[in-house]
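# Chain and residue survey
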Amino acid sequence: MLRIKVAKDIGFCFGVDKAVEIAKKLLEKGENVYVTGELIHNEEEMKKLNQLGLKTFDVTSKWPDLSQATVLIRAHGVPVDQLEKIKAHAKKVVDATCPVVLSLSESILDAKKQGFEVLLYGHDKHDEVVFLKSVVNDLKVFDSLESLRYSTKKIALFSQTTMDADGFKEISKAIVENIEDLSSVMIKNSICNVTYQREREVKVLASENDVCLVIGGSKSSNTRKLFNIAKSINYKTYLVLNVADLKPEWFDAAESVGICSGTSTSMGIVDEIVERLRTFKN
């Protein structure tokens, strides 16, 4: 029988849990609910919500008639101008933007008002970053130390909430090492603490077990980050969305398996995978 070690911090984070619960309650009341793109980056969870009646629309394409609809703003947020447009067209708007993302948006706006050149360690096309760029339209986004650029002597550094902590540390260190070239520096660690704790756990799980499973959707930034970290430690690391993705041969010579999940993965999916693993023989 496989020894199964499940991360302490697993399942939905509080921001995703809040968004999903809001969607379910609105649908249970019989409301006609649309969401601005994927509510969360997990295909399995979105399928369940769609089956309950949740509909999606692309804010950059032709919109459906929203005059009798409730529009739910996804956890990553939507650009400010699009939010105002939605409010003008929809019967009701419910904002499920993650509180951590909203706090970051307020911080970068405040830094901009103080005259800082605002730098963001993140992925330019990520939904969260698209929202943040609408808050500070000249936000300088970069995803590696090599692509870090700034043109003034007064800079403020932030991070997309789901980026890797080691990368942010490396960039912060490089800025501090060249601090004599700058007149004023603000560095704020805006990585979500939940995703940081999962980084720490997955490193241990990958190093102490024969196989490591990262459960979550391939579109999820924090899930891919966990997978890449674990894979760099243990080549027998696999990204799985649900039970159907499990392959018994992964565990043929294994005595133990470590399990973690992205923040858009429910405990229900984790429990199903654990139950299936208990049927495997090594």
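Quick note: structure is the one above.
What comes next concerns the included structure. Since we're looking at a predicted model, the values are computed, not measured.

Next up on the list: the overall build of the protein. Summing up its helical and strand segments, the protein has nine helices and 12 strands in all. Whereas a compact globule of 282 residues would reach a radius of gyration of roughly 19 Å, the protein reaches 21 Å, a difference of no more than 12%. For the protein, the spread of C-alpha atoms along the principal axes amounts to about 60 × 55 × 25 Å. Going through the 282 residues of the protein one by one, you find that 51% of them count as buried. Of the contacts made within the protein by residues no fewer than 6 positions apart, 72% connect residues no fewer than 24 positions apart. When the accessible surface of the protein is split by element, carbon and sulfur atoms take 49% of a total near 13400 Å².

By definition, the strands of a sheet pair up through backbone hydrogen bonds, in either a parallel or an antiparallel sense. Pairing in this open sheet of four strands is parallel, and the strands run β7-β6-β8-β9 from one edge to the other. Pairing within the sheet leaves two strands with one partner each, and these edge strands are β7 (140–142) and β9 (184–187). When the angles between neighbouring strand axes are averaged without regard to direction, this sheet yields 20°. With three bridges joining them, strand β6 (residues 117–121) and β7 adopt parallel strand pairing.

Enumeration according to the criterion identifies one cavity of 30 Å³ or more in this entry. Here the largest cavity is characterised by a volume of approximately 240 Å³. Along the walls of the largest cavity sit 22 residues, with Val16, His76, Thr161, Thr162 and Thr263 positioned nearest its centre. Sorting the residues of the lining of the largest cavity by element identifies α1 (14–28), α4 (99–113), α7 (193–208) and α8 (221–233) as the ones contributing at least two each. Taken together, the residues of the lining of the largest cavity sort by class into nine nonpolar, 12 polar and one charged.

This part covers the packing of aromatic side chains. For the structure on display, the rule yields six aromatic pairs. For the ring pair Tyr121 and Phe142, a centre distance of 5.9 Å and an interplane angle of 40° mean the geometry is tilted. A residue pair is termed long-range when its members are at least 10 positions apart, and Tyr121 in strand β6 and Phe142 in strand β7 qualify at 21 residues. Taken as a pair, Tyr121 and Phe142 share a single burial class, namely buried.

As a further point, take helix α3 (residues 80–89). Here α3 has its buried residues at Gln82, Leu83 and Ile86. Seen from one end, α3 has its buried residues packed into an arc of 105°, which puts them on one side. Along α3, the residues that are exposed and aim more than 90 degrees away from the buried face are Asp81 and Ala88. Packed against the buried residues of α3 are β2 (33–36), β3 (55–57), β4 (70–73) and β5 (92–95).

Our next topic: the packing of α4 against helix α5 (residues 127–135). In the contact formed by α4 and α5, the axes pass within 9 Å of each other and the chain directions differ by 35°. For the pair α4 and α5, the sense of crossing is right-handed. Across the interface between the two elements, Val101, Leu102, Leu104, Ser105, Ile108 and Leu109 from α4 touch Glu128, Phe131, Leu132 and Val135 from α5.

Moving on: the state of the cysteines. Tallied over the full model, the rule gives zero disulfides. Cysteine Cys192 shares no disulfide, and the gap to the nearest cysteine sulfur, in Cys13, comes to 6.0 Å. Cys212 takes part in no disulfide bond, and the closest cysteine sulfur to it belongs to Cys260, at a distance of 5.1 Å.

Turning our attention to the packing of α7 against α8. How two helices pack is summed up by the angle between their axes together with the distance between the axes. Between α7 and α8, whose axes approach to 9 Å, the crossing angle comes to 30°. Here α7 lies roughly parallel to α8, going by the angle between them. In terms of crossing hand, the pair formed by α7 and α8 is right-handed. Contacts between α7 and α8 involve Thr195, Arg198, Glu199, Val202, Lys203, Ala206 and Ser207 from the former and Asn222, Lys225, Leu226, Ile229, Ala230 and Ile233 from the latter. Its residues assigned to classes, the contact of α7 with α8 shows six nonpolar, three polar and four charged.

Applying the stated criterion to the full structure yields 13 salt bridges. Between Lys140 and Glu117 there is a salt bridge whose closest N-O contact spans 2.7 Å. In this pair, Lys140 sits in strand β7 while Glu117 sits in strand β6, placing the two residues 23 residues apart along the sequence. Given a relative accessible area of 33%, Lys140 falls into the partly exposed group. Classification of Glu117 as buried rests on a relative accessible area of 9%. Beyond isolated ion pairs, a larger network of salt bridges with shared partners links Lys29, Glu31 and Lys92.

The rules behind these values
- Residues numbered from 1 in each chain as written.
- Predicted model: local features only at pLDDT ≥ 70, side-chain atom pairs only at ≥ 80, totals over all residues.
- Heavy atoms only, no water.
- Helix = DSSP H or I, 4+ residues; strand = E, 2+ residues; numbered from the N terminus.
- Rg over C-alpha atoms; globule rule 2.2 N^0.38 Å.
- Buried < 20%, exposed > 50% of the residue type's maximum accessible area, 1.4 Å probe, protein only.
- Contact = heavy atoms within 4.5 Å.
- Areas by Shrake-Rupley, 256 points an atom, 1.4 Å probe, with all protein chains shown as cover.
- Pairing = 2+ DSSP bridges.
- Axes fitted to C-alpha atoms, helices over the stretch in contact; angles between N-to-C directions.
- 1 Å grid on protein atoms, 1.4 Å probe; cavity = no way out; pocket = protein on both sides within 12 Å on 5 of 7 lines; lining within 4 Å.
- Points joined across faces, edges and corners; volume = space filled by probe spheres on them.
- Nonpolar A, V, L, I, M, F, W, Y, C, P; charged D, E, K, R; others polar.
- Phe/Tyr/Trp six-rings, centres within 6.5 Å; stacked < 30°, edge-to-face > 60°.
- Arc of directions from axis to C-beta.
- Left-handed = near helix turned anticlockwise from the far one by under 90°.
- Disulfide = S-S within 2.5 Å.
- Parallel < 35°, antiparallel > 145°, perpendicular 65-115°, else oblique.
- Salt bridge = Lys/Arg side-chain N within 4 Å of Asp/Glu carboxyl O.

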